[in-house]
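The primary structure of each chain is shown beneath.
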Amino acid sequence: MEIDWASLRAAAIETMRLAYTPISDFPVGVAGLVDDGRVIVGCNVENASIGMTLCAECGLISALYASGGGQLVAISCVDAAGAPLMPCGRCRQLLWEHGGPDLLVEALPQPLRMSELLPHAFGYPDMDRVTGRVGGAADVPPELAKWRGRGTVFVHPDISGGETIWTGYWERSSGEPGSAEEKGILEEGPNLANTAAAVAWGLVRTPRIVVVDAQGNLSWAGEGEAPEGIPQRWEEGRS
Ligand code: THU
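Along every chain, residues carry numbers that run from 1 in the direction the sequence is written. Local features are withheld for residues below a pLDDT of 70 in this predicted model, meaning they are given only at 70 or higher, and side-chain atom pairs are given and counted only at 80 or more; totals for whole chains, interfaces and linings count all residues. The side-chain values count all of the structure's non-hydrogen atoms but skip hydrogen atoms and water molecules.

## Description of the environment of Val-45
- Secondary structure is summarised from DSSP: a helix means a run of H or I of at least four residues, a strand means a run of E of at least two, and numbering begins at the N terminus for each. Considering the arrangement of structural elements, one finds Val-45 in the loop between strand S2 (39-43) and helix H2 (56-66).
- Exposure remark for Val-45: the relative accessible area of 32% places this residue in the partly exposed category.
- In sequence terms Val-45 and Ser-174 are 129 residues apart; their C-alpha atoms lie 39 Å from each other.
- Sequence-distant contacts of Val-45, defined by excluding residues within four places in its chain, comprise Tyr-20, Thr-53 and Leu-54. Only protein chains enter the accessibility calculation, which uses a 1.4 Å probe; a residue whose area is less than 20% of its type maximum is buried, one above 50% is exposed, and one in between is partly exposed. Residue contacts are defined here by distance: any two heavy atoms, one from each residue, within 4.5 Å place the two residues in contact.

Below, the structure written as structure tokens:
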């Protein structure tokens, strides 16, 4: 993807001027290019309770999700002089999770990759090695981010290594009768310890969750009223 650094920097400078910095008088602006071509921005917002300061990059990541998610491809972060500013340590971790090792960060004389700014980064693989857990909130694969909020997750028990586990799958269709939606499985869930964990896996993806127990009984664990044909609501602790 072509990166127009000049316009990214211009958007960062414009946003820097909107920053709220009564404590430090150090406004910061950031602009990011998303993998679908969107440009999003953020500025720092300080607070009398000084430790609560929100860096510009925090606003950027919120803007990323508030405008549809995706992965960051490039960012330009600037100080009051409009010069490239290196993200602070905390924000490098934040950017890592939403841009990965190849995210380009404007720097002089040339952009740097996140893998240079945060070598040996801590991430989910470090946790998964210890907990044995796979999956979780951050693991909606980037290519499926556009499906968030759509489709249906079916949660069900399964046998793995002789033990009953819970898992699920994310299906494109919302099951509306008569609709001409695309059908098919978007993602298979990980093996999880109980129904609640599988429901939680689903709720990160869509508000429509159907629990199918070992007997094939359906219950609704999604938001709002159960749709027609699903006789009961799933309650934690019941299955
Ligand atoms: N700041 C950012 O917004 N991003 C950074 O990466 C560096 C620091 C802000 C936080 C605070 O409002 C001010 O700059 C001084 O630290």
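## Looking at the site of the ligand
- Definition of nearness: a residue and a molecule or strand are near each other if at least one heavy atom of the residue lies within 4 Å of the molecule or strand. Neighbouring the ligand are the residues Ser-24, Phe-26, Val-28, Asn-44, Glu-46, Thr-53, Cys-55, Ala-56, Glu-57, Met-86, Pro-87 and Cys-88.
- Note that an oxygen atom of the ligand is positioned 2.9 Å from one of the side-chain N or O atoms of Asn-44.
- At a separation of 2.5 Å, an oxygen atom of the ligand approaches a polar side-chain atom of Glu-46.
- Residue exposure ignores everything except the shown protein chains as possible cover, and the areas themselves are Shrake-Rupley values with a 1.4 Å probe. Relative to its unbound accessible surface of 370 Å², the ligand loses 80% to contact with the protein. Within 3.5 Å is the distance limit for a polar contact, defined as a pair of N or O atoms, with the added protein rule that one can donate a hydrogen and the other accept it, and that residues adjacent in sequence qualify only through two side-chain atoms.

## Regarding the sheet that holds strand S3 (residues 72-78)
- Whether two strands pair comes down to DSSP finding at least two bridges between them. The five strands are arranged S2-S1-S3-S4-S5 in an open sheet whose pairing can be described as mixed. The sheet is open, and its two edges are formed by S2 and strand S5 (112-113), each paired on a single side.
- The sheet contact formed by strand S1 (residues 29-34) and S3 spans six bridges and is antiparallel. Looking across to S3, one finds that Val-34 is bridged to Leu-72.
- With axes taken as lines fitted to C-alpha atoms, and helix axes fitted only over the stretch in contact, angles between N-to-C directions fall between 0 and 180 degrees. Against the sheet, H2 contacts S1, S2 and S3, and its axis sits at roughly 145 degrees relative to S2.

## Observations regarding the pairing of strand S9 (residues 209-212)
- Here S9 shows two buried faces, one formed by Ile-209 and Val-211 and the other by Val-210 and Val-212.
- Where strand S6 (residues 152-160) meets S9, three bridges bridge the pair, whose relative direction is parallel. Bridge pairing in S9 links Val-153 to Ile-209.
- Examined bridge by bridge, S9 and strand S10 (residues 218-220) share three bridges and lie antiparallel to one another. Bridged to Val-212 within S10 is Leu-218.

## Points about the UniProt feature "domain: CMP/dCMP-type deaminase" (unreviewed entry) in the protein
- With numbering matched to this structure, UniProt assigns "domain: CMP/dCMP-type deaminase" (unreviewed entry) to residues 3-125.
- Secondary structure content for residues 3-125 is 33% helix and 18% strand, while the C-alpha to C-alpha distance between its ends is 30 Å. UniProt positions are given in the numbering used here, feature names are shortened, and annotations may be inferred rather than shown by experiment.

## Describing the packing of aromatic side chains
- Geometry of aromatic contacts follows a simple scheme: Phe, Tyr and Trp rings, the Trp one being its six-membered ring, pair when their centres are within 6.5 Å, and the pair is stacked under 30 degrees between planes, edge-to-face over 60, tilted otherwise. Under the defined criterion, the tally for this structure stands at one aromatic pair.
- Centre to centre, the rings of Phe-154 and Tyr-169 are 5.4 Å apart; their planes meet at 25 degrees, and the pair counts as stacked. Here Phe-154, found in strand S6, pairs with Tyr-169, found in strand S7 (residues 163-171); they are 15 residues apart in sequence, far enough to count as distant.
- Under the relative-accessibility criterion, Phe-154 is labelled partly exposed at 22%.

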